[in-house]
Amino acid sequence: MTPTRDDGSGPTGTDSQATATSAATRRDDAPSPDVSGSTNDGDRTSSAREPIRRRVLEGAAGAVAAGTVGTTGSVGATADEPGGETVDRTAARQEADGLPLLDGHVHLIPESTLGRDPLDADGLVAWMDDNGIDRAVVLALDSPEAYPVPASSPWILEQVEPYPERLLPFCTIDPRTIVYGEDAVEELLERYVERGIRGFGELKAGVPIDDPRAERIYELCAEYELPILFHTDEKAMMDEVGLPRLEDVVASFPEVDFLAHAHGWWAHVAADVEEADLGDYPDGEIDEPGRVPALLERYDNLYGDLSGISGWNALTRDPAFGQAFLETHAEQLIFGTDYIYPGQEVPQLELFERFDLERSAREAIRSGNLEGVLR
Ligand SMILES: [Zn+2]
């Protein structure tokens, strides 16, 4: 297999802190504030989301009680959302209330950076309570390409310890760590598994996605039955236009479940992709479906992580396409936010109000699909 890139943790999600309604809010962990405003994230300008306490978790995992439901549904079709359909948001929320919500992509960060405050487990859980999120997958970050400060796997494990019913830890190991030998890497991974990790990620290292060192990690994840959440963009887990390397990886490790995230992946929701799109949020209507739907159709060990600006952009750049995409691939899409700093705006919280989905599809996207692949 050839070397590729990580998926897009690059330029995401840091800027929401400055202005909650900033049109340029990015989420994919990326340090570079995206000011292009070319994404549909601009939708948020006209519809700042109000925190809604949908339900509170009662003690045991997953036990939920219907809570107060916000009814200020102003997040629907707006002038900048051609084709957006008006749905009965109150009803949609109330129905969704009966279903658990598992966020497949959040972070904890130990130090301030990029003008963002740190985020610890207490802060994360408080935010989850405020937004009706029952449980969340907490991803580690350890590569310089991933974030300016590392959120190491041992630190993540320590942080989530007080919240075993709410926070599900993933660990990561930069593939270049193999410079210390494969045994050293396996020893680390085995220790993390013993400490209860539910998967591997966020894999966001500055190597091609099919780099032999990364492939050794995939083999180990197959051995330990860990799903892998990866970020692919122009500087991490790199691939080319058309995602040939990504496909090679997914096809070569059929026993591993891959959760695909970030720009390089989501740009391919449409057929017309240029090299610059691998690190961007291409906008506009989708005339011809791209590699994302094709690969989801072909590989059942591949999932789309809807978190980050990249995931939201893919769904909202052409709302009619987004609706059909969600319906068609509901069994392989995973709800996630990429929440990474206090106060971050997270458009995904509007997903089930904005799109009209059958209950079975909502259940699958909200928690069922991810539950099915966790270790
Ligand atoms: Zn992330």
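Residues numbered from 1 in each chain as written. Predicted model: local features only at pLDDT ≥ 70, side-chain atom pairs only at ≥ 80, totals over all residues.

1. A word on the overall build of the chain
So, point 1. Each helix and strand counted, the chain has 13 helices and ten strands in total.
So, point 2. Looking at the 375 residues of the chain, the share that counts as buried comes to 55%. (Helix = DSSP H or I, 4+ residues; strand = E, 2+ residues; numbered from the N terminus. Buried ≥ 20, exposed ≤ 12 C-beta atoms within 10 Å, placed from the backbone.)

2. Quick notes on the nonpolar core
The nonpolar side chains of a soluble globular protein tend to be buried, and buried together.
So, point 1. In terms of nonpolar packing, the biggest core is built from 95 residues, with Ala136, Val138, Phe170, Ile228 and Phe258 touching the most fellow members.
So, point 2. Element by element, the count of residues in this core is highest for helix H6 (residues 212–223), at five residues.
So, point 3. Residues in contact with isoleucine 228, not counting those within four places in the same chain, are Phe200, Gly201, Leu203, Tyr218, Cys221, Val256, Phe258 and Leu259. (Core = buried A, V, L, I, M, F, W, Y, C linked by C-beta atoms within 7 Å. Contact = placed C-beta atoms within 7 Å.)

3. Looking at the sheet that holds strand S9 (residues 302–305)
So, point 1. Judged by pairing direction, the sheet is parallel, and its eight strands sit side by side in the order S3-S4-S5-S6-S7-S8-S9-S10 without closing on themselves. In this open sheet, the two edge strands, each paired with only one partner strand, are strand S3 (102–107) and strand S10 (333–334).
So, point 2. By the bridge criterion, two bridges tie strand S6 (residues 199–203) to strand S7 (residues 228–231) in an arrangement that is parallel. Across the sheet, residue leucine 203 finds its bridge partner in S7, namely phenylalanine 230. (Pairing = 2+ DSSP bridges.)

4. Details of helix H13 (residues 359–371)
Residues that lie three or four places apart on an α-helix share one face, since the helix turns once every 3.6 residues.
So, point 1. Taking 1.5 Å of rise per residue, the 13 residues of H13 would be expected to cover 18 Å, and the 17 Å separating its terminal C-alpha atoms lies within 8% of that figure.
So, point 2. Considering bend angle alone, the principal kink of H13 is centred on isoleucine 365 and spans about 55°. (Expected span 1.5 Å × (residues − 1). Bend = angle between axes of the 7 residues up to and from the residue.)

5. A short note on the environment of arginine 195
So, point 1. Within the element layout of this structure, arginine 195 appears in the loop between helix H5 (182–194) and S6.
So, point 2. Judged by the 15 C-beta atoms lying within 10 Å of it, arginine 195 falls in the partly exposed class.
So, point 3. Linking arginine 195 and proline 154, residues 41 residues apart in sequence, is a C-alpha distance of 9.4 Å.

6. Here's the deal with the pairing of S9
So, point 1. Side chains Leu302 and Gly304 of S9 all project onto a buried face; the interleaved residues Tyr303 and Asp305 project onto the opposite face, where all are buried too.
So, point 2. Sheet topology places strand S8 (residues 258–261) next to S9; three bridges connect them, and they run parallel. In the sheet register, phenylalanine 258 faces S9, and the bridge partner there is leucine 302.
So, point 3. With two bridges connecting them, S9 and S10 associate as parallel partners. Across the sheet, residue aspartate 305 finds its bridge partner in S10, namely isoleucine 334.

7. Some remarks on H5
So, point 1. With 13 residues, H5 ought to run about 18 Å at 1.5 Å a step, and its terminal C-alpha atoms sit 18 Å apart, in line with that.
So, point 2. The complete set of buried residues in H5 reads Val185, Leu189 and Tyr192. Viewed along the axis of H5, the buried residues span an arc of 60°, placing them on a single side of the element. Opposite the packed face of H5, turned more than 90 degrees from it, sit the exposed residues Asp183, Glu187 and Glu194.
So, point 3. Those residues of H5 that are buried are in contact with helix H4 (153–160), strand S5 (167–171) and H6.
So, point 4. The first or second residue beyond H5 is glycine 196, which carries a positive phi of 100°. (Arc of directions from axis to C-beta.)

Geometry only, nothing functional implied.
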